[in-house]
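Now for the letters of each chain:
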Amino acid sequence: MFENLLEMQERGARDRARGRSLADNPMSKPDILPITDFQEWYSMFDAWRFGWSIEDAMAGHINMPRDGGALSQTYTRTV
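Calculation rules
Residues numbered from 1 in each chain as written. Predicted model: local features only at pLDDT ≥ 70, side-chain atom pairs only at ≥ 80, totals over all residues. Heavy atoms only, no water. Helix = DSSP H or I, 4+ residues; strand = E, 2+ residues; numbered from the N terminus. Buried < 20%, exposed > 50% of the residue type's maximum accessible area, 1.4 Å probe, protein only. Contact = heavy atoms within 4.5 Å. Areas by Shrake-Rupley, 256 points an atom, 1.4 Å probe, with all protein chains shown as cover. Axes fitted to C-alpha atoms, helices over the stretch in contact; angles between N-to-C directions. Parallel < 35°, antiparallel > 145°, perpendicular 65-115°, else oblique. Left-handed = near helix turned anticlockwise from the far one by under 90°. Nonpolar A, V, L, I, M, F, W, Y, C, P; charged D, E, K, R; others polar. Polar contact = N/O pair within 3.5 Å; in protein donor to acceptor, adjacent residues only side chain to side chain. Core = buried A, V, L, I, M, F, W, Y, C linked by side-chain atoms within 4.5 Å. Expected span 1.5 Å × (residues − 1).

**Topic: the overall build of the protein**
Okay, step 1: A count of helices and strands for the protein gives 2 helices and 0 strands.
Okay, step 2: Taking all 79 residues of the protein together, the buried fraction comes to 20%.
Okay, step 3: In the protein, of all internal contacts separated by at least 6 residues, the share reaching a separation of at least 24 is 64%.
Okay, step 4: Accessible area for the protein stands at about 6000 Å²; split by element, carbon and sulfur atoms hold 53% of it.

Now the structure itself:
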C-alpha cells in the first residue's frame with residue numbers, strides 16, 4: 001500500500017506539471033466507483049492531491065496581483 005501511495009503522489013505531481021487541475025484527480029472519476037474500501041480510496045485520493053499541491057507550490061503557481069495589491073489565494077476543498 002505504501003508504494004501505491006508514493007506512486008499516486010508522483011502521478012499527482014506529474015499531472016500538475018502537465019497543467020491538470022485538482023478536478024482531474026483520477027480517484028474522483030466515476031469508473032473508480034463504487035468504493036469498496038473508503039479508507040484506501042481516500043488515501044489514494046489524498047496522495048494524488050498532495051503530490052499535485054507540492055508541484056503547484058514548487059512551481060510557484062499562485063495568483064500574483066497585477067496591480068501591486070495584496071496577494072489573494074482561493075482554496076477549494078474537494079472532499
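**Some points on the packing of helix α1 (residues 2-17) against helix α2 (residues 38-58)**
Okay, step 1: Viewed as axis vectors pointing N to C, α1 and α2 meet at an angle of 40°, and their least axial separation amounts to 7 Å. When the interaxial angle is binned, α1 and α2 end up oblique. The element α1 and its partner α2 pack so that their crossing is right-handed. Of the residues in α2, those touching α1 at Asn4, Leu5, Met8, Gln9, Arg11, Gly12, Ala13, Asp15, Arg16 and Ala17 are Ser43, Met44, Ala47, Trp48, Phe50, Gly51, Trp52, Glu55 and Asp56.
Okay, step 2: Tallied by class, the residues present in the contact of α1 with α2 amount to 9 nonpolar, 5 polar and 5 charged.

**Section: the side chain of Asn25**
Okay, step 1: Within the element layout of this structure, Asn25 appears in the loop between α1 and α2.
Okay, step 2: Engagement of the side chain of Asn25 in a polar contact is seen with the backbone nitrogen of Met27, the distance being 2.9 Å.
Okay, step 3: With residues near it in sequence (within four places) discarded, Asn25 still touches Phe45, Trp48 and Arg49.

**Quick notes on the nonpolar core**
Looking at soluble globular proteins, one finds that nonpolar side chains tend to be buried together.
Okay, step 1: Formed by Met8, Met27, Trp41, Met44, Phe45, Ala47, Trp48 and Trp52, the largest nonpolar core amounts to 8 residues.
Okay, step 2: No other element matches the 6 residues that α2 contributes to this core.

**A short note on α2**
Okay, step 1: Across its 21 residues, α2 extends 30 Å between first and last C-alpha, which sits within 8% of the 30 Å expected from 1.5 Å per residue.
Okay, step 2: For α2, the full list of buried residues reads Trp41, Met44, Phe45, Ala47, Trp48, Arg49, Gly51, Trp52 and Asp56.
Okay, step 3: On its buried side, α2 packs onto α1.
Okay, step 4: A side-chain oxygen of the first residue of α2 lies 3.2 Å from the backbone nitrogen of Gln39; this N-cap is Asp37.

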